[in-house]
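Coordinate inspection notes
Take a look at the letters that make up each chain.
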Amino acid sequence: MIGDIRLVDAHVHAVRIPTIKQAWKDWADRYGTPGLYSLYDSTGTLVPQLFDEYFEREGVETAILFCEYSPRSTGIQPVEDLIPLLDHNPTRFRLMANLSPHLHFPLVDELKRQMHLGAVGLKLHPVHGSFPPNDRSLYPVYSLCEAEGFPVVFHCGTSIFPGSTNRYANPELMEDVARDFPDLNIVLAHGGRGWWFDAAAFITLMRPNVYIEVSGLPPQKLPDYYKNYSFERLAKKMIFGTDWPGVPGPQHNARVIADLGLDRETQELVFNRNARKVYRLDGPGTP
């Protein structure tokens, strides 16, 4: 909660340490949540009860957990590693599916498998996976997602990790998908971080089914990043996320946003209503 406003963290990396590369560990050590490793056991696995208690203390009602299949950059964070966390508290923890066209075939079958595990959306990481988001091999996946009302999250911003292909973060490539699948809900994670803030903002305001998710962005700088647009208008299509553990904490980031001067209705959209609608966190047909 932020005051009496419910809080959803829509971007959480709940990794198993042995599955990821040293560069990710260095990033977590440099930017990460204080006491991060106290949530892990001796094998580098998150302890479900400790993880749950942490997000309870942070006031996070729902946290969407990300897996990732990016062996070139951060490593493999298998979807199966998240199941114990979901089983421990299926109300707080929800699953984000992930696909790589270089690893999964048939893509639609793998997506259906992860959907059956309880996924609420699909994350694609063109930058770490080294594939363009408008690759036609992904179009059957987008078609299924559009038909099922299943949102797609794109990594839309630069990445410092070795092996990243940053040109694939260009939101112009994602706009192709928005054009070809007009009823598909699309979320631009990291909001154009780097040199695409204006493009991400423009597409979000132009397309009714496109949202910006602010994970990985210093929250106090959001008005400056989007200074060429009405920040108040754009904020109505923002989704709160942290890119945990690369933050001081969800509560810290949320409080900074709460102090930016947005009205009550807009804060509710940012902190929970947009996420609850896009990811249907209360079930299909959530208003």
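See the structure shown above.
As a starting point, this report considers the structure included with it. For clarity, every value in this text was computed on a predicted model and none was experimentally measured.

1. Some points on the sheet that holds strand β2 (residues 62-66)
Taken in spatial order, the eight strands of this open sheet run β1-β2-β5-β6-β7-β8-β9-β10, and their pairing is parallel. Only two strands of the sheet have a single partner each, and these edge strands are β1 (8-13) and β10 (238-239). The pairing of strand β8 (residues 186-193) with strand β9 (residues 210-213) spans four bridges and is classified as parallel. Paired with Val187 across the two strands is Tyr211, which belongs to β9.

2. Topic: the layout of surface pockets
Estimates place the volume of the largest pocket at around 610 Å³. Lining the largest pocket are 30 residues, and of these Trp27, Arg193, Gly216, Asp243 and Gly246 lie nearest its centre. Residue assignment for the lining of the largest pocket shows that the elements contributing at least two residues are β1, α1 (22-31), β8 and α11 (250-258). The leading source of residues in the lining of the largest pocket is α1, at three residues. Residue composition of the lining of the largest pocket, grouped by class: 10 nonpolar, 16 polar and four charged.

3. Digging into helix α6 (residues 139-148)
Those residues of α6 not exposed but buried are Tyr139, Val141, Tyr142, Leu144 and Cys145. The inward-facing, buried residues of α6 contact β5 (93-99), α4 (107-116), β6 (119-124), β7 (152-157) and α7 (171-180). Just past α6, the residue Gly149 takes up positive phi, approximately 65°.

4. Regarding the pairing of β6
Burial analysis of β6 places six of its six residues in the buried class, the great majority of the element. As paired strands, β5 and β6 are joined by five bridges and run parallel to one another. When the sheet's bridge partners are listed, Leu99 is paired in β6 with Leu124. A crossover connection joins β5 to the parallel β6 through α4; in handedness this β-α-β unit is right-handed. Sheet topology places β6 next to β7; three bridges connect them, and they run parallel. Considered in β7, the bridge of Leu124 is made with Phe154.

5. Let's talk about the packing of α4 against α6
For the pair α4 and α6, interaxial distance at closest approach is 9 Å and the crossing angle is 35°. Along this stretch, α4 crosses α6, giving a crossing that reads as right-handed. Along the contact surface, α4 presents Leu107, Val108, Leu111, Lys112 and Met115, while α6 presents Pro140, Val141, Leu144, Cys145 and Glu148. In terms of residue class, the contact of α4 with α6 is made up of eight nonpolar, no polar and two charged.

6. Focus: the pattern of salt bridges
Side chains carrying opposite charge are able to pair once their charged atoms draw close together. Within the structure shown, the criterion is met by 13 salt bridges. A salt bridge links Arg264 to Glu268, with the shortest nitrogen-to-oxygen separation between them at 2.8 Å. With Arg264 and Glu268 both in helix α12 (residues 264-278), this residue pair falls four residues apart, about one helical turn. Three or more residues are tied together by salt bridges with common partners; here these are Asp4, Arg264, Glu268 and Arg273.

7. Here's the deal with the nonpolar core
Counting 79 residues, the largest nonpolar core has Phe51, Leu65, Leu122, Tyr142 and Tyr226 as the members making the most contacts within it. Sequence-distant contacts of Tyr226, that is, excluding residues within four places in its chain, are made with Gly191, Phe197, Ala201, Ile212, Leu217, Leu234 and Met238. Counting residues in hydrophobic clusters, the runner-up holds 15 residues, among them Phe66, Met96, Val153 and Val187.

8. As for the state of the cysteines
A full pass over the atoms with the stated rule returns zero disulfides. Here Cys145 is not disulfide-linked; the sulfur of Cys67 is the nearest cysteine sulfur, at 13 Å. Its relative accessible area of 1% is what places Cys145 among the buried residues. No disulfide involves Cys156; its sulfur sits 18 Å from the nearest other cysteine sulfur, which is in Cys145. Exposure remark for Cys156: the relative accessible area of 0% places this residue in the buried category.

Basis of the calculations
- Residues numbered from 1 in each chain as written.
- Predicted model: local features only at pLDDT ≥ 70, side-chain atom pairs only at ≥ 80, totals over all residues.
- Heavy atoms only, no water.
- Pairing = 2+ DSSP bridges.
- Helix = DSSP H or I, 4+ residues; strand = E, 2+ residues; numbered from the N terminus.
- 1 Å grid on protein atoms, 1.4 Å probe; cavity = no way out; pocket = protein on both sides within 12 Å on 5 of 7 lines; lining within 4 Å.
- Points joined across faces, edges and corners; volume = space filled by probe spheres on them.
- Nonpolar A, V, L, I, M, F, W, Y, C, P; charged D, E, K, R; others polar.
- Buried < 20%, exposed > 50% of the residue type's maximum accessible area, 1.4 Å probe, protein only.
- Contact = heavy atoms within 4.5 Å.
- Right-handed = clockwise from strand over helix to strand, strands pointing away.
- Axes fitted to C-alpha atoms, helices over the stretch in contact; angles between N-to-C directions.
- Left-handed = near helix turned anticlockwise from the far one by under 90°.
- Salt bridge = Lys/Arg side-chain N within 4 Å of Asp/Glu carboxyl O.
- Core = buried A, V, L, I, M, F, W, Y, C linked by side-chain atoms within 4.5 Å.
- Disulfide = S-S within 2.5 Å.

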